[in-house]
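# Fold and geometry: a report
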Amino acid sequence: MKKYLSFFRLRFVMGLQYRAAALAGMVTQFVWGFMEIMVFHAFYRTDPAAFPMSFSATASYIWLQQAFLALSAVWMMENEIFDSIVDGNIAYELCRPVSIYNVWYARSCANRVSRAVLRCFPILIVAVLAPRPYGMNAPASMGHFALFLITLALGLAVTVSFNMLIYVLTFFTVSPQGLRIFFVSTVEFFSGAVIPLPFFPENIRAVMELLPFASMQNVALRVYSGSMSGGEMRKAVILQVFWLGAVTAAGKLLCRLAERRVTVQGG
């Protein structure tokens, strides 16, 4: 475990050095956040009672989504890992006396956390200072805030585990592009990244909430915004833990299979 924590620390420190990229990302997220809020506001003006969340809760959802985008965006994958698999440099990784799955998992977590640390605080400050109802509300209670932090960490773990599954599946394909396009499109829709899940029809939403994609960002953002009841929160946390174990186990199993069957150029 100590060596993987060292990998995490090194990648985290390295990620903190990309301040210019973080600034560009913040500007993009500010613009996108304001645009989304204005679009929802146009719909809410017609009949606020027709929506499952209050407008202030929806605004909080969007601001938190933008602030912690790096923790839950599946499309933020590492090209370096894909390139090592495709061009054969994975052979050097396999020679090291460490678990390649655990190393990639640690570095992926570190990269995401470092990006979030650089970007989240300015966005949260602006969101808190923005006039109501366009700004971000305070959590319903300290208990909700504590559960938000827990579910945010679980969501990060599920997201990274899902990314790991995509990396491992690349061992069995000629090119990773098809996998990336398919999974990113699927996750963006079913995780609530495009439209919050409460806005879907009830029958469809009930199915979507059972899928692993709902455990990535949907749970934490809805816990904070107060759009979940106590029973719904318990069920959501249990599903997060379940999908974390299931996706991680599937990734590790496929990784062992890939390591035994991998073939690099010239060997």
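Okay, the nonpolar core next. Formed by 69 residues in total, the largest nonpolar core has its most connected members in Leu 64, Phe 68, Trp 104, Phe 148 and Phe 162. Ignoring sequence-local partners within four residues, the contact set of Trp 104 consists of Ile 81, Ser 84, Ile 85, Ile 90, Glu 93, Met 164, Tyr 167 and Phe 171.

The next thing to look at is the packing of aromatic side chains. Here the structure, examined in full by the defined rule, presents 21 aromatic pairs. Look at Tyr 44 and Phe 55: their rings are 5.3 Å apart centre to centre, the planes differ by 65°, and that puts the pair in the edge-to-face class. Of this pair, Tyr 44 sits in helix α2 (residues 19-44) while Phe 55 sits in helix α3 (residues 55-67), and the two are 11 residues apart along the sequence. On the accessibility criterion, Tyr 44 (4% relative accessible area) is buried. With relative accessibility at 11%, the residue Phe 55 sits in the buried group. Ring geometry for Phe 148 against Tyr 224: centres 5.2 Å apart, planes inclined by 65°, an arrangement best described as edge-to-face.

So, on to the pattern of salt bridges. Tallied over the entire structure, the rule returns 6 salt bridges. We note a salt bridge from Glu 209 to Arg 205, for which the minimum N-O separation is 3.2 Å. Notably, a salt bridge pairs Glu 209 with Arg 222, separated by 2.8 Å at the nearest N-O pair. Remark: Arg 222 occurs in helix α11 (residues 218-225) and Glu 209 occurs in the loop between α10 (202-208) and α11; sequence separation between them is 13 residues. The network of salt bridges with shared partners includes Arg 11, Glu 78, Glu 80 and Arg 107.

So, how was this worked out
- Residues numbered from 1 in each chain as written.
- Predicted model: local features only at pLDDT ≥ 70, side-chain atom pairs only at ≥ 80, totals over all residues.
- Heavy atoms only, no water.
- Core = buried A, V, L, I, M, F, W, Y, C linked by side-chain atoms within 4.5 Å.
- Buried < 20%, exposed > 50% of the residue type's maximum accessible area, 1.4 Å probe, protein only.
- Contact = heavy atoms within 4.5 Å.
- Phe/Tyr/Trp six-rings, centres within 6.5 Å; stacked < 30°, edge-to-face > 60°.
- Helix = DSSP H or I, 4+ residues; strand = E, 2+ residues; numbered from the N terminus.
- Salt bridge = Lys/Arg side-chain N within 4 Å of Asp/Glu carboxyl O.

Interpretation note: all reported values are geometric properties and have no functional meaning in isolation.
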